[in-house]
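The lines below spell out each chain.
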Amino acid sequence: MPNSELMSIGSFSRQCGLTTSALRFYDDCELLPPAEVDRATGYRLYREDQLDRAILLRRLREISMPLTAAKTTLESDRNEIIRAVDEHVGTVLEDAAEARRLAAVIKASLNPRTTEYVTTLRGPVLTAAIEQILTATTDEPGRAALNGIRLEVETGTVTLTATDRYRLSTRSLKPVDQSADSWSGTIDADDLRGCLAELRRSTLVRIDAGEHEVYFQMAQRGTRRCRLLTETFPDYKLMLDALPPAATRVAISKAFFLRALEECPADQILLRVGESTITLADNEIDLPAHMTGPPIDIWFEMTTLYPAVSTAIGADVLIDLRAPDQPATIRSADHGDLTTLAMPTEGPGEIRE
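Since this is a predicted model, take the numbers as computed values, not measurements.

Here is what the cut-offs are and how they apply
- Residues numbered from 1 in each chain as written.
- Predicted model: local features only at pLDDT ≥ 70, side-chain atom pairs only at ≥ 80, totals over all residues.
- Heavy atoms only, no water.
- Core = buried A, V, L, I, M, F, W, Y, C linked by side-chain atoms within 4.5 Å.
- Buried < 20%, exposed > 50% of the residue type's maximum accessible area, 1.4 Å probe, protein only.
- Helix = DSSP H or I, 4+ residues; strand = E, 2+ residues; numbered from the N terminus.
- Contact = heavy atoms within 4.5 Å.
- Axes fitted to C-alpha atoms, helices over the stretch in contact; angles between N-to-C directions.
- Parallel < 35°, antiparallel > 145°, perpendicular 65-115°, else oblique.
- Left-handed = near helix turned anticlockwise from the far one by under 90°.
- Phe/Tyr/Trp six-rings, centres within 6.5 Å; stacked < 30°, edge-to-face > 60°.
- Pairing = 2+ DSSP bridges.

**Q** Give me the lowdown on the nonpolar core, citing residues and values where you can.
**A** Residues Leu 126, Ile 130, Leu 160, Val 214 and Phe 216 are the most contacted members of the largest nonpolar core, which totals 32 residues. Per element, the largest residue contribution to this core is five residues, and it comes from helix H6 (residues 123-134). Contacts of Val 214, omitting those with residues within four sequence positions, involve Trp 183, Ile 187, Ile 207, Asp 208, Ala 209, Arg 224, Arg 225, Cys 226 and Leu 228. Membership of the second largest hydrophobic core comes to 30 residues, among which are Ile 278, Val 309, Val 317 and Ala 342.

**Q** Go over the packing of helix H1 (residues 9-16) against helix H3 (residues 51-62), please, and point to the residues and values.
**A** Look at H1 against H3: their axes get within 9 Å of each other, and the N-to-C directions meet at 60 degrees. In terms of orientation, H1 lies oblique with respect to H3. Relative to H3, the crossing made by H1 is right-handed. Taking contact as the criterion, the partners of Phe 12, Gln 15 and Cys 16 in H1 are, on H3, Leu 51, Ala 54, Ile 55 and Arg 58.

**Q** Can you explain the packing of aromatic side chains? Please cite residues and give values.
**A** For the structure on display, the rule yields three aromatic pairs. Centroid distance Phe 12 to Tyr 46: 4.4 Å. Interplanar angle 10 degrees. Geometry classified as stacked. Of this pair, Phe 12 sits in helix H1 while Tyr 46 sits in strand E3 (residues 44-46), and the two are 34 residues apart along the sequence. Aromatic pair Phe 233 and Tyr 236: ring centres 6.2 Å apart, planes at 85 degrees, arrangement edge-to-face. Phe 233 sits in the buried class, given a relative accessible area of 8%. The class for Tyr 236 is buried, based on a relative accessible area of 7%.

**Q** Lay out the sheet that holds strand E13 (residues 248-253) with the relevant residues and their values.
**A** Adjacent strands of a sheet pair through backbone hydrogen bonds, lying either parallel or antiparallel. Pairing is antiparallel in the open sheet, where twelve strands are placed in the order E9-E5-E6-E7-E20-E19-E18-E13-E16-E15-E14-E17. Edge positions in the sheet fall to strand E9 (183-188) and strand E17 (296-301), since each of these pairs with one other strand and no more. Neighbour to neighbour, the strand axes of the sheet diverge by 25 degrees on average, direction disregarded. The pairing of strand E14 (residues 268-273) with strand E15 (residues 277-280) spans three bridges and is classified as antiparallel. Within E15, the position partnered with Arg 272 by the bridge is Thr 279. H6 rests against strand E5 (148-154), strand E6 (157-163), strand E7 (167-173) and strand E20 (338-342) of the sheet, and its axis sits at about 170 degrees to E7. Helix H11 (residues 302-310) contacts E7, E14, E17, strand E18 (316-321), strand E19 (328-332) and E20 of the sheet and is inclined by roughly 95 degrees relative to E17.

Rendered as structure tokens:
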């Protein structure tokens, strides 16, 4: 190729986004050698068709892919590149989680830990409750408390609560033991997710609270730390107390209801509650149900309704309906200690005053 059709290292640098020093480095590493080197001046010259490789190399390095892995990836086809990128990002996330855990250990070792005993719970029971409540958390910028689980300890009862503003889930547990005083705090949901495997395999879990964290102490499995959120948790008790009584109550098989929801392709679900059936209007699926109160048509987002039903305990669920614009209460027919509030939505074309 004539030199007139080649690019200088400066021109190539501007087009691919790599600095000239980086281009020299990648030449030395045999990742991106120039098309030619001027014998008289030693200047590196590049072809236009090298730009795609240079840009891909830059992007791989921007996600901190090691040189050896980047070299292999550059020689791969499209599908292999995608697989390599996904694999690398997974490793980075695992390393970041481990670094955060080790950082917490370091910080805890530097500061004298002043804690108070809160309660002791059975590990498998606590884990199941956390997993049920976690479905009502959300990671929303500026509202950290929505990505937290509220833990409240009162005499003889431990309550877990979470809300994403469209759902509210609350679960009550009976502790094995607890301190004489009441305690409450909002625990970071992401930190809790990282503890579930150890909690599930621990017969008993002791919970101690510090100023900025809680500690889950497990025999033979050590101690796990979770951050406490400082943002105020929504006053869900006030909202629960302000709810009007249910107008219509429906008892329905959880398995049948979930199966019907899974067959609905729509993002929004219209429930037509009649005298002895719930009809999913989009698919005209009729489900046998026991109802008291007047018939009602009510819309829900699939992403709100399905998790609320799927986390219920037992074979049947009770659904208390108030009005098309009022929260519905979903709870287990035989186990009343898990309660979820699900907000209805406006149906297509509806305008609410």
